[in-house]
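Residues per chain are reported as follows:
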Amino acid sequence: MTTIAIIGAGPGLGSAVARRFGREGFDVALVARDAARLDALADALGTEGVNARGFAADVHDPEQLRAALDRAATSLGPVEVLQYSPLPRWDFMRPVLETTYQDLIAPVEFSVYGPVAAVRQVLPGMRELGRGTILFVNGGTAVVPHPDRAGTSIAFAAESAYARLLHDTLVAEGIHVAQLVIPGAIVPGHERKDPDVLAGTLWELHRDRHGFRHFADDLDG
Ligand SMILES: NC(=O)c1ccc[n+]([C@@H]2O[C@H](COP(=O)([O-])OP(=O)(O)OC[C@H]3O[C@@H](n4cnc5c(N)ncnc54)[C@H](OP(=O)(O)O)[C@@H]3O)[C@@H](O)[C@H]2O)c1
């Protein structure tokens, strides 16, 4: 049995992806800051037959994140799929002319240091398995920077570059790296942007293993 680790496992997309991959036979490592909420989500998934456990960490602390993923692999089994999808803070989204270099520290920690720490932690296990999938989930500013959302625009662009480099470098080892860009908001009931539909899209990215960047909806949708 192998594991999906979901970094940013909340009630929306995180929990939908946990259900989707759990249904396919994956054990699920839920990573976010609030341990009590993770335990409650793991219990709820358990009643649906999904083997899930919470591993608390703040992605702003790369050592905490590394340790959480280490505990996850030890208790559940090697991480075959890593999804990086924590929800960015609203205060990352300031107008560009009001953004100082200090305002960019947290967005870069969140979108660059966190992913680099997480990927480097799980990569040896994927190499040992001989397969793996790394999924990055971002908003539309990853592709089209927005003047009122400087922090996410700048940091998502850097995260996208890192993810793209990983895609090109790891393809030869059977490790597939993909990015799902979700323009606008996640909307329950939406034909393409409902959390369960998005979870299905992410499952297909893992299963079908082609292409780097995918869009959940039209960029102006
Ligand atoms: N929501 C949208 O409308 C929307 C739109 C476009 C793209 N997206 C993308 O979709 C993904 C999020 O999906 P969602 O909105 O449905 O969220 P979700 O899966 O319901 O929850 C995400 C979780 O991220 C965790 N998180 C936030 N900051 C964290 C940190 N510093 N360290 C560790 N965990 C942290 C939070 O849990 P804790 O508070 O317990 O840490 C939160 O519950 C992200 O990749 C986001 O870029 C969302």
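Placed above this text is the structure.
In this report, we go over the structure that sits alongside the text. If you're wondering where the values come from, they're calculated on a predicted model, not measured in any experiment. (Residues numbered from 1 in each chain as written. Predicted model: local features only at pLDDT ≥ 70, side-chain atom pairs only at ≥ 80, totals over all residues. Heavy atoms only, no water.)

**Section: the overall build of the chain**
Alright, step 1. Assigned secondary structure in the chain consists of six helices and seven strands.
Alright, step 2. Taking 17 Å as the expected radius of gyration for a compact globule of 221 residues, we find that the chain reaches 16 Å, a close match to that expectation.
Alright, step 3. By its C-alpha atoms, the chain is 50 × 40 × 35 Å across when sized along the principal axes.
Alright, step 4. Buried positions account for 49% of the 221 residues belonging to the chain.
Alright, step 5. Partitioning the intrachain contacts of the chain with sequence separation of at least 6 by distance along the chain shows that 72% fall at a separation of at least 24.
Alright, step 6. About 10,300 Å² of surface is accessible on the chain, with carbon and sulfur atoms providing 54% of the total.
Alright, step 7. Averaging the positions of the 20 positive and the 28 negative side-chain charges in the chain gives two centres separated by 2 Å. (Helix = DSSP H or I, 4+ residues; strand = E, 2+ residues; numbered from the N terminus. Rg over C-alpha atoms; globule rule 2.2 N^0.38 Å. Buried < 20%, exposed > 50% of the residue type's maximum accessible area, 1.4 Å probe, protein only. Contact = heavy atoms within 4.5 Å. Areas by Shrake-Rupley, 256 points an atom, 1.4 Å probe, with all protein chains shown as cover. Lys, Arg positive; Asp, Glu negative; His and termini not counted. Charge placed at Lys NZ, Arg CZ, Asp CG, Glu CD.)

**Considering helix H1 (residues 13–23)**
Alright, step 1. Across the 11 residues that make up H1, a large majority, nine, are buried.
Alright, step 2. Three or more residues of H1 are buried, namely Leu 13, Gly 14, Ser 15, Ala 16, Val 17, Ala 18, Arg 20, Phe 21 and Gly 22.
Alright, step 3. With its phi angle positive at about 105 degrees, Gly 25 sits one or two positions after the end of H1.

**Notes on the nonpolar core**
Alright, step 1. Within the largest apolar cluster, 32 residues are counted, with the highest numbers of intra-cluster contacts made by Ile 7, Leu 65, Leu 69, Leu 82, Ile 134 and Phe 136.
Alright, step 2. Considering each element in turn, this core owes the most residues, seven residues, to helix H4 (residues 105–129).
Alright, step 3. Not counting residues within four places of it along the chain, the set of residues in contact with Ile 134 comprises Leu 82, Val 119, Met 126, Leu 170, Ile 175, His 176, Val 177 and Ala 178.
Alright, step 4. Formed by 29 residues, the second largest nonpolar core is a distinct cluster that contains Leu 41, Ala 42, Trp 203 and Leu 205. (Core = buried A, V, L, I, M, F, W, Y, C linked by side-chain atoms within 4.5 Å.)

**Examining unusual backbone geometry**
Alright, step 1. With phi around 55 degrees, Arg 209 is a residue other than glycine that occupies positive phi space.
Alright, step 2. Along the chain, Arg 209 falls in the loop between helix H6 (195–208) and strand E7 (213–215).

**Comments concerning the environment of Pro 183**
Alright, step 1. Following the sequence through the fold, Pro 183 ends up in the loop between strand E6 (175–182) and H6.
Alright, step 2. By relative accessible area, Pro 183 is classed as buried at 1%.
Alright, step 3. Excluding its chain neighbours within four sequence positions, the residues that come into contact with Pro 183 are Gly 140, Lys 193, Ala 216, Asp 217, Asp 218 and Leu 219.

**With respect to the side chain of His 214**
Alright, step 1. Along the chain, His 214 falls in strand E7.
Alright, step 2. The class of His 214 is buried, set by a relative accessible area of 16%.
Alright, step 3. In terms of polar contacts, His 214 uses its side chain to reach the backbone carbonyl oxygen of Gly 211, at 3.2 Å.
Alright, step 4. Excluding anything up to four places from it in sequence, His 214 contacts Ala 178, Gln 179, Leu 180, Val 181 and Leu 205. (Polar contact = N/O pair within 3.5 Å; in protein donor to acceptor, adjacent residues only side chain to side chain.)

**Things to note about the packing of aromatic side chains**
Alright, step 1. On inspection of all chains with the given rule, the structure shows four aromatic pairs.
Alright, step 2. Ring centres of Phe 26 and Trp 203 lie 6.3 Å apart, and the angle between their planes is 80 degrees; this geometry places the pair in the edge-to-face category. Residue Phe 26 is located in the loop between H1 and strand E2 (27–31), and its partner Trp 203 is located in helix H6; the two are separated by 177 residues in the primary sequence.
Alright, step 3. What makes Phe 26 buried here is its relative accessible area of 8%.
Alright, step 4. The buried category is assigned to Trp 203, whose relative accessible area is 9%.
Alright, step 5. Linked through ring pairs, Phe 21, Phe 26 and Trp 203 together constitute an aromatic cluster. (Phe/Tyr/Trp six-rings, centres within 6.5 Å; stacked < 30°, edge-to-face > 60°.)

**Topic: the environment of Phe 136**
Alright, step 1. Of note, Phe 136 is situated in strand E5 (residues 132–139).
Alright, step 2. According to the relative accessible area criterion, Phe 136 is buried, its value standing at 1%.

Read these as geometric descriptors, not functional statements.
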